[in-house]
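Single-letter residue listing:
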There are 4 protein chains.
Amino acid sequence: MKKIVVDLLKERGVTVHDIALLVYELQKNYVNLSMDDAIENVEKVLLKREVQNALITGIQLDKLAEKDLLDEPLLSMIKNDESLYGIDEILALSIINIYGSIGFTNYGYLDKIKLGIIGEVDKLGKAKGVVNTFLDDIICGIAAAACARIAHSNE
Amino acid sequence: MKKIVVDLLKERGVTVHDIALLVYELQKNYVNLSMDDAIENVEKVLLKREVQNALITGIQLDKLAEKDLLDEPLLSMIKNDESLYGIDEILALSIINIYGSIGFTNYGYLDKIKLGIIGEVDKLGKAKGVVNTFLDDIICGIAAAACARIAHSNE
Amino acid sequence: MKKIVVDLLKERGVTVHDIALLVYELQKNYVNLSMDDAIENVEKVLLKREVQNALITGIQLDKLAEKDLLDEPLLSMIKNDESLYGIDEILALSIINIYGSIGFTNYGYLDKIKLGIIGEVDKLGKAKGVVNTFLDDIICGIAAAACARIAHSNE
Amino acid sequence: MKKIVVDLLKERGVTVHDIALLVYELQKNYVNLSMDDAIENVEKVLLKREVQNALITGIQLDKLAEKDLLDEPLLSMIKNDESLYGIDEILALSIINIYGSIGFTNYGYLDKIKLGIIGEVDKLGKAKGVVNTFLDDIICGIAAAACARIAHSNE
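Residues numbered from 1 in each chain as written. Chains lettered and ligands numbered in written order. Predicted model: local features only at pLDDT ≥ 70, side-chain atom pairs only at ≥ 80, totals over all residues. Heavy atoms only, no water.

**Student:** Please give an account of the interface of chain B and chain A that cites residues and values.
**Tutor:** At the junction of the two partners, chain B supplies 24 residues and chain A supplies 24 residues. Together chain B and chain A conceal approximately 2,200 Å² of surface at their shared face, both sides included; 69% is due to carbon and sulfur atoms. At the junction of chain B and chain A, the tally comes to 2 salt bridges. Note that Asp 71 of chain A is salt-bridged to Lys 63 of chain B, the shortest N-O span being 3.4 Å. On the surface where chain B and chain A come into contact, there are 10 residue pairs in polar contact (both at pLDDT 80 or more). Contributions of two or more residues to the side of chain B that touches chain A are made by α4 (49–66), α5 (74–79) and α6 (87–97) of chain B. Looking at the side of chain B that touches chain A, its residues break down into 16 nonpolar, 4 polar and 4 charged. (Contact = heavy atoms within 4.5 Å. Buried area = accessible area lost by both parts, 1.4 Å probe. Salt bridge = Lys/Arg side-chain N within 4 Å of Asp/Glu carboxyl O. Polar contact = N/O pair within 3.5 Å; in protein donor to acceptor, adjacent residues only side chain to side chain. Helix = DSSP H or I, 4+ residues; strand = E, 2+ residues; numbered from the N terminus. Nonpolar A, V, L, I, M, F, W, Y, C, P; charged D, E, K, R; others polar.)

**Student:** For empty space enclosed by the protein, give the residues involved together with the corresponding values.
**Tutor:** One pass over the full model with this rule turns up 3 cavities of 30 Å³ or more. Computed from the structure, the largest cavity encloses a volume of approximately 460 Å³. Every residue lining the largest cavity is counted, 30 residues in all, and those nearest its centre are Asn 97 of chain A, Asn 97 of chain B, Asn 97 and Phe 104 of chain C together with Asn 97 of chain D. Broken down by secondary-structure element, the contributors of at least two residues to the lining of the largest cavity are α6 (87–97) of chain A, α6 of chain B, α6 (87–97) of chain C together with α6 (87–97) of chain D. Each residue belonging to the lining of the largest cavity can be placed in one class, and the counts come to 13 nonpolar, 14 polar and 3 charged. (1 Å grid on protein atoms, 1.4 Å probe; cavity = no way out; pocket = protein on both sides within 12 Å on 5 of 7 lines; lining within 4 Å. Points joined across faces, edges and corners; volume = space filled by probe spheres on them.)

**Student:** Account for the environment of Asn 132 of chain A, with residues named and values stated.
**Tutor:** Residues and elements named next belong to chain A. Looking at the secondary structure, you find Asn 132 in the loop between α8 (117–124) and α9 (133–154). Here Asn 132 falls in the buried class, since its relative accessible area comes to 5%. Filtering out sequence-adjacent residues up to four positions away, Asn 132 remains in contact with Arg 12, Asp 62, Val 121, Leu 124 and Gly 125. (Buried < 20%, exposed > 50% of the residue type's maximum accessible area, 1.4 Å probe, protein only.)

**Student:** Any details on the confidence of the model for chain A? Residues and values, ideally.
**Tutor:** Confidence in the prediction of chain A, expressed as mean pLDDT, is 95, and 99% of residues score 70 or more. Scored by ipTM, the complex comes to 0.95, with pTM at 0.95. (pLDDT = per-residue confidence, 0-100.)

**Student:** Lay out the interface of chain D and chain C in plain terms, naming residues and giving numbers.
**Tutor:** Across the contact, 24 residues belong to chain D and 24 residues belong to chain C. Each partner contributes to the roughly 2,200 Å² buried at the junction of chain D and chain C, and carbon and sulfur atoms together form 69% of this total. Linking chain D with chain C are 2 salt bridges, by the criterion used here. Across the chain D-chain C interface, the total number found is 10 residue pairs in polar contact (both at pLDDT 80 or more). When contributions to the side of chain D that touches chain C are tallied by element, the ones reaching two or more residues are α4 (49–66), α5 (74–79) and α6 of chain D. Residue contributions to the side of chain D that touches chain C peak at 10 residues, all from α4 of chain D.

**Student:** Describe helix α1 (residues 2–11) of chain B, with residues and values.
**Tutor:** Residue and element names in this part refer to chain B. Inspection of α1 places Val 5, Val 6, Leu 8 and Leu 9 among the buried residues, and these make up the whole buried set. Down the axis of α1, the sector holding all buried residues measures 160 degrees, keeping them to one side. In α1, the exposed residues that point more than 90 degrees away from the buried face are Lys 3 and Lys 10. The secondary structure elements touched by the buried residues of α1 are α2 (16–27), α3 (35–46), α4 and α9 (133–154). Just past α1, the residue Gly 13 takes up positive phi, approximately 90 degrees. (Arc of directions from axis to C-beta.)

**Student:** Can you explain the environment of Ala 54 of chain B? Please cite residues and give values.
**Tutor:** Here Ala 54 of chain B lies in helix α4. On the accessibility criterion, Ala 54 of chain B (0% relative accessible area) is buried. Along the backbone, Ala 54 of chain B and Leu 64 of chain B are 10 residues apart, and their C-alpha atoms lie at a distance of 15 Å. Dropping the residues within four chain positions of it, Ala 54 of chain B is found in contact with Ile 87 of chain A together with Leu 91, Ser 94, Ile 95 and Ile 138 of chain B.

**Student:** Can you lay out the relation of the copies chain D and chain C for me, pointing to particular residues and giving the numbers?
**Tutor:** For the pair chain D and chain C, the best superposition has an RMSD of 0.0 Å and corresponds to a rotation of 180 degrees with a translation of 0.0 Å parallel to the axis. A rotation of that kind, with that shift, is consistent with a two-fold axis. Taking C-alpha positions as reference, the residue of chain D nearest the rotation axis is Ile 90 of chain D, located at 3.8 Å. Both copies present the same face, since 100% of the interface residues in chain D are matched by interface residues at the equivalent positions in chain C. (Least-squares fit on C-alpha atoms with pLDDT ≥ 70 in both.)

**Student:** Which residues make up helix α7 (residues 104–113) of chain A, and what are the values?
**Tutor:** Counting buried positions along α7 of chain A gives 7 out of 10 residues, so the element sits mostly inside the fold. Among the residues of α7 of chain A, Phe 104, Thr 105, Asn 106, Tyr 107, Gly 108, Leu 110 and Asp 111 of chain A are the ones counted as buried. Elements that come into contact with the buried residues of α7 of chain A comprise α2 (16–27), α6, α8 and α9 of chain A together with α6 and α7 (104–113) of chain D. Within two residues after α7 of chain A, Lys 114 of chain A carries a phi angle of roughly 50 degrees, on the positive side.

**Student:** An account of the relation of the copies chain B and chain A is requested, with residue identities and associated values reported.
**Tutor:** You can overlay chain B on chain A at an RMSD of 0.0 Å; the transform is a turn of 180 degrees with a shift of 0.0 Å along its axis. Of the residues that chain B buries at the interface, 100% are likewise interface residues in chain A, meaning the two copies contact each other through the same surface.

**Student:** Residues and numbers for the side chain of His 152 of chain D, please.
**Tutor:** Its location among the elements puts His 152 of chain D in helix α9 (residues 133–154). From its side chain, His 152 of chain D meets the backbone oxygen of Tyr 99 of chain D in a polar contact 3.2 Å long. When near neighbours in sequence (up to four residues on either side) are disregarded, His 152 of chain D contacts Leu 84 of chain A, Arg 49 of chain B together with Tyr 99 and Ile 102 of chain D.

**Student:** Give a detailed account of the pattern of salt bridges, specifying residues and quantitative values.
**Tutor:** Tallied over the entire structure, the rule returns 40 salt bridges over all chains. With a closest N to O distance of 3.3 Å, Lys 114 of chain B and Asp 111 of chain B form a salt bridge. Residue Lys 114 of chain B is classed as partly exposed on the basis of its relative accessible area, which comes to 28%. Overlapping salt bridges, with partners in common, bring together Glu 11 and Lys 63 of chain A together with Asp 71 of chain B in one network.

**Student:** Just give me the short version of the packing of aromatic side chains, but keep the residues and values in it.
**Tutor:** The tally for this structure, following the rule as stated, stands at 8 aromatic pairs over all chains. Where Tyr 109 of chain A meets Tyr 109 of chain D, the ring centres are 6.4 Å apart and the plane angle is 15 degrees; that geometry is what we call stacked. In this pair, Tyr 109 of chain A sits in helix α7 while Tyr 109 of chain D sits in helix α7, so the two residues belong to two different chains. Taking the centre distance of 6.0 Å and the plane angle of 85 degrees together, the rings of Tyr 85 of chain B and Phe 134 of chain B count as edge-to-face. Here Tyr 85 of chain B, found in the loop between α5 and α6, pairs with Phe 134 of chain B, found in helix α9; they are 49 residues apart in sequence, far enough to count as distant. Neither Tyr 85 of chain B nor Phe 134 of chain B differs from the other in exposure class; each is buried. (Phe/Tyr/Trp six-rings, centres within 6.5 Å; stacked < 30°, edge-to-face > 60°.)

**Student:** Any chance you could break down the state of the cysteines for me, citing the residues and the numbers?
**Tutor:** Residues and elements named next belong to chain D. Here the structure, examined in full by the defined rule, presents 0 disulfides over all chains. Here Cys 140 is not cross-linked by a disulfide; its sulfur's nearest cysteine counterpart is in Cys 147, at 11 Å. The class for Cys 147 is buried, based on a relative accessible area of 2%. (Disulfide = S-S within 2.5 Å.)

What follows is the structure, given as structure tokens:
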């Protein structure tokens, strides 16, 4: 299953390395962390079933929206990444919850400043024919979860 | 939008009256409640945007699974209502959260004993060609949210 | 820290065995589970930091309410286990979340039917001088989390 | 009850105006918002029971920690605002949830950059004898909830 998830991310233009870079940027001022540590923690997060399920469900909805295979008004909401839709955040939050409440701050911060790959994915999602409504929030969720994982294991 | 949501429920074999019956059963021993009150509270819950978005997203996934329009392994997980999938509960919980934490007890109880329409929907979902993986949890969520709404407005 | 948590439960009249009995009752029809397995899973849940923190915070508030050391109106709300207070459920939900969304059904069911030790704790909490407002919800949360843990590890 | 909550905030050095300023800063680039609108929305958030209960519970714990009236190890965790404690975030998230998932981004962003009153409260909480472990997260939660409220009512 982890391979499916990593392949799906790659298909959407996102590597484990991209997400690990976010983790590294967020953590470098607080803990002694190598990029290898960051990668390892992202991979551990991707082994969690609820993370995998949120990811494959969200990306599925993005892909179906790209192909116009959703009914209205859901289709337009997802295609336009409507700020009041909210289900993309709900899936991201379910990823973070697995590592407790301490991941929420990094989630919100990442989602706001659109660091690294998140900004790229968000920008791509505004191009004709591409829908990344769930993808950007899910990446934020995975990166925030990896940071929480690091904080928990550092004690 | 509320009409879209009510029509979608009807298309899946569920009426506002069915959900109000759950609310009535859950509340009748605690508060003085008529079926009209129960119906009104369910309708108020269905006016909330985040409830509507969870509902149309969940039912969309059920319908796409029925038509084999999802990719594997998501397709099989939703078709078989796999107990470890979890995203159906996530959407239901997002409905309850809007009315605070007091709705969670009724949600779990309803989901466990499969009262009224929930049992019917669940049973139907086991028939060939029908997928109600999200629908039953969403109904539990709406009924529990309506109970929480009643509790809040009774003070 | 786990010893602190187990001792605190014992001080409030609850043993790991009591909670494991709930887990056993909930799971016996679904999986092949011994009481030893149930106990082991409850103990694993009690090792999680966010579970420990929710537990020591909730029981602390119960104990402070017993000694009238909280300010009004919080004191009366906790002393009377007011149904609209909600923060007791919030702490219990934070315990369940660690094991994903599949624990919520058992949480609500347990809280509703007041099985075993939960009924005892709830009844005790109605006695003069005793406050168990947080304790019963926290026990439900730990038992539901242990059930979710079993479900996840059985795959 | 709203008066109790506003007085309690004031007692801890925080005014509705301080929180409204955060809302204004977060929203000014997105919607046409006056400070009066921001104040009104913060006040509406403070009318919600679950917000009030989270706030009085959190501030109570801060005050008890200041007076050394909590048991160890809870006392040290709250006094030192330990990053892995997590219950302060749990209470803040329960505030945001009332307005759906769209508030989480602003919550995390505020908590990270420590804008305005949050930075002040955080700094004060590091002074001898002062504990603001819950207070800063609760303010972030109220401000983020008010932003979500504005977004919902603008449609």
